[in-house]
Each structure stands twice: as C-alpha cells, then as structure tokens.
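Spelled out from the first residue to the last, the chains are:
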Amino acid sequence: IRPRFGVMRAREFLMKDAYSFHLTQESMAVEYQNMYDAYTRIFTRLGLKFRAVNADTGAIGGSASHEFHVLADSGEDAIAFSDGSDFAANIEKAECVAPATSAAAASEALQKIDTPYQKTCEEVAALMGIELSRTVKSLALIGEQGFVLALVRGDHMVNEIKLAKLAGMTDYRLATEAEISEYLGSEPGFLGPVNAKQKIFVIADLSVAAMHDFVVGANEKGFHLAGVNWGRDLPEADLVADIRNIVDGDVSPDGKGTITIARGIEVGHVFQLGQKYAESMNATVLDDQGKAQVMYMGCYGVGVSRIVAAAIEQNFDDNGIIWPVSMAPWKVAVCVINPKNDTAVNEAAKALYDELNAAGIETCLDDRGLRPGAMFADIELIGIPHRVVVSARGIEAGSFEYRGRRDSESVNLDKTGLMQKLI
C-alpha cells in the first residue's frame, strides 16, 4: 500500500545523534551554538530552503530548543516567521502579542439569540451575519483549580502546549458531558462564561480580554448570547494569558514585521538539556578544584533519511523529482540516441561520460537503447539536474543537446559551452 507521505514514512529511519557534556551552562551554550551553526551549514550546502525555528522542548525538556524545518506545502508542522526580521518559531511556541488597545465600552445590549442548530462559532457567525472574530469559543476543562473555561476568539485555535504551561493546568483534561452539565447546566455547542451554575475558573486569551460586544454560548441548549461585555455581563477573567496559536498577519513577537505561516518538515533538532537528566541520574564530574559538579548536557539530532524525503517534497513537478545538485544521485545524465547503432555515437557518448567523471562530475550513461521519450521521462522522474543528448545529428553538427531539469526547452551547445555549463 502506498504510504501517505511517500518516502517520508519509510520503514527505515536513519538518525544522526550527538550529545555533549559540560561543566558550566556557558560551555553548554557555546557548544549548542556550534551545533546550530553546523546544522545550518549542512542544510545550506544540501541546497534546501529551510528555517531554524524556536521550538518547544516538549517531553525531552531543557532550557532551549531549535528545530530545523525544510519548507514544503506537505509539511507536517506549521511554523511562523516574520517578514521583517529573522524571527521564526514553531506555531506551538510562537508567542502572540497582546492587542494594542483594551476592551472598548459596551455599545450593545445583552440579548439572547435563538440558535437551534448552530453549535460552532462559524455557524453562529453565519446565522447572525457577523465576522467570526466577534464570536468567542469556550473550551471546558478540568485543572487543578477545578472546572475551567478557556476562551479564545472564534477565528483562533487553542494552543494546548501554552495552556498546559499555565499554573494549575499542567495535567488538565477535557471536561466530561456530565461535568459540563453540573457546572454550566448545558451541553457542548452552547457553552459560555455567563450564568454558570457553579463557580468556574475562567482563562481568557489576550485577544478575548480586549473584546467588547462579543457572542458566546448562553449555557442553554439552542441559544447564544450577543452583546456580551466584561464587567457588565460577566466578571473579569480569573486569568488572562496567551493561549492561542499565532496566525497569518499577527504582529511578530519581536515587534518587527508581521507573521506568515508556512508548512515545514522537521529534519534537525538541537536541545540545551541543562542538568535535567544529569540530576535524575546523579551524574557528576570533578571540576578543576576536585569538587563534584552536576554536569550540563546538550542533545543534537538530524533525520538523515528524512532529509531525502524533505528534499523531494520541496523539489518536484508533474514529471518527477528535481534534486538539488548537491543531493542528486548523478549530476549529469548522458543519453545515447542511436537507433542505427552507430559506433561513432557510442564512442562519443562514452568519451563524454569518461571526461565528465574524470573532472569530478558524477555522471551516468544511459545506453539502454530506449526511444527518446521513454528515456527522457526516466531521467526526469529520477530528477537528474542536467541532461546531455549525444546523437548522430549532433556529432555531425559538432554540438550536444543540453537541458537542465528545470528548463522548459533544450539548447544545442558546442563542447566548450557544454563544459562551462556543467563544471
């Protein structure tokens, strides 16, 4: 069965791993930067379009982490980068800037809206003929503080990693329907922070805290509330925090430019692990004073086989792969067009093949005797960057037919012009 991501999800996974051990945090930071720079050079030399992004350390932990992503539409990860600076971060990590203005004064009366079949913010906004950004979605959770309602704008998504980093939310879970009924007296699809049956803890995203005259669930099946305002219709949130995913057009966290979201395939990751694992294992080393010190650690990895898959996902067309020159199995394919088996054509092709290889240019010789169409289709499918055709007509004219993998047309070049193109 064909895998969904081609060679991205192969049975074999080749990984380059490295670890470093240090007496001081400063030493760890220096080696971290060394590995970061080395990975940058590697991916640059491979001819890949990539970004190093600030990333969440996740389950591995530590004080700092960067992921290296090859940009591709089929990427599994969403990354955010600024159009005005070198800021880049995994969408799970990227911080959202608080709105420049606070919530304006109420201008609408609170009103109950009949929404018998409309449960999502998109459906409610469409029914009311308003922008999705005027609605607020409510996520019912159970945290250390009890029943929690997390609020984000209707056009935003809750960031689960940011949420889990808040005090009392480390091991949060989704509330059950029974718990929702107990605390809110409603069912999913009509939830909101107004008129809860019992005391709840409300966490509002930065953008929600700055809203006025917004729409939320009425905690009653088939109804929503419009014209809701902080202070008048419900108390200020118990906690205001950044709990959403960053989106296209947001202000960059560094204040320079706006954010663009792209898809990326992770091919490398570097971590400053700090003392987390050394402390758990009581791993110490004697310093120059003979005193036992808990060591600092760094961790660095490259998905070797993933690089191959990522390069394909980034470089292809309808005819097949387009390898970056540095990664191609061969740089040049010499194709022999010789239906009459002319010895001169075979010798000329072999001579060119030998000369290119002797010059350090990895070259393959396609002398299978296929018709030109089938032969060229194979070369394009494999993705060889340069194709040179040797034929009786070309020998007679003193030229070779050349075509780059990304070119739309072939050109005829003499030997000097051809070598200048390939070397």
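Going by the structure above, here's the rest.
Keep in mind the model is a prediction, meaning the values are calculated, not measured.

1. Considerations on the pattern of salt bridges
Evaluated as defined, the whole model comprises 16 salt bridges. Three or more residues are tied together by salt bridges with common partners; here these are D205, R244 and D250.

2. Re helix α9 (residues 372-382)
Within the span of α9, buried status applies to M375, F376, I379 and E380. Buried residues along α9 cover an arc of 130° about the axis, so they all sit on one side. Structurally, α9 contributes buried residues whose contacts are with β19 (320-321), β20 (332-337), β21 (363-366), β22 (386-391) and β23 (400-404). One or two residues past the end of α9 sits G383, with phi positive at roughly 95°.

3. Here's the deal with the sheet that holds β20
Here we have five strands laid out as an open sheet, ordered β21-β20-β22-β23-β24, and mixed in their pairing. The open sheet has two free edges, formed respectively by β21 and β24 (411-413), since each of these has just one partner strand. Averaged over all pairs of adjacent strands, the angle between their axes in this sheet comes to 30°, without regard to strand direction. Relative to β22, β20 is paired through six bridges, and the arrangement is parallel. Paired with A333 across the two strands is R387, which belongs to β22. Its contacts with the sheet place α9 against β20, β21, β22 and β23, and it is angled at close to 170° to β20. Of the strands in this sheet, β20, β22, β23 and β24 are in contact with helix α11 (residues 415-422), which crosses β23 at around 20°.

4. Section: a nonpolar patch on the surface
Together, W330, L381 and I382 make up a nonpolar patch on the protein surface, roughly 270 Å² of accessible area in all. Position of L381 among the secondary structure elements: in helix α9.

5. Quick look at the side chain of S391
For S391, the location among the structural elements is in strand β22. Only 3.1 Å separates the side chain of S391 from the backbone nitrogen of G394, close enough to count as a polar contact. Once residues lying within four places of it in the same chain are set aside, the contact partners of S391 are I337 and V345.

6. What about the sheet that holds strand β8 (residues 146-153)?
Read across the sheet, five strands follow the order β9-β7-β8-β10-β13 without closing on themselves; strand pairing throughout is mixed. What marks the edges here is a single partner per strand, and that holds for β9 (173-174) and β13 (239-241). In this structure, β8 lies alongside strand β10 (residues 201-205), joined through four bridges in parallel fashion. Note on β10: the bridge partner recorded for V148 is F201. The strands that helix α4 (residues 177-184) touches are β7 (136-143), β8 and β9; relative to β8, the one it contacts most, it runs at about 90°.

Rules behind the numbers
- Residues numbered from 1 in each chain as written.
- Predicted model: local features only at pLDDT ≥ 70, side-chain atom pairs only at ≥ 80, totals over all residues.
- Heavy atoms only, no water.
- Salt bridge = Lys/Arg side-chain N within 4 Å of Asp/Glu carboxyl O.
- Buried < 20%, exposed > 50% of the residue type's maximum accessible area, 1.4 Å probe, protein only.
- Helix = DSSP H or I, 4+ residues; strand = E, 2+ residues; numbered from the N terminus.
- Arc of directions from axis to C-beta.
- Contact = heavy atoms within 4.5 Å.
- Pairing = 2+ DSSP bridges.
- Axes fitted to C-alpha atoms, helices over the stretch in contact; angles between N-to-C directions.
- Patch = residues over 30% accessible without salt bridge, like charges linked within 9 Å, V, L, I, M, F, W, Y side chains within 5 Å.
- Areas by Shrake-Rupley, 256 points an atom, 1.4 Å probe, with all protein chains shown as cover.
- Polar contact = N/O pair within 3.5 Å; in protein donor to acceptor, adjacent residues only side chain to side chain.

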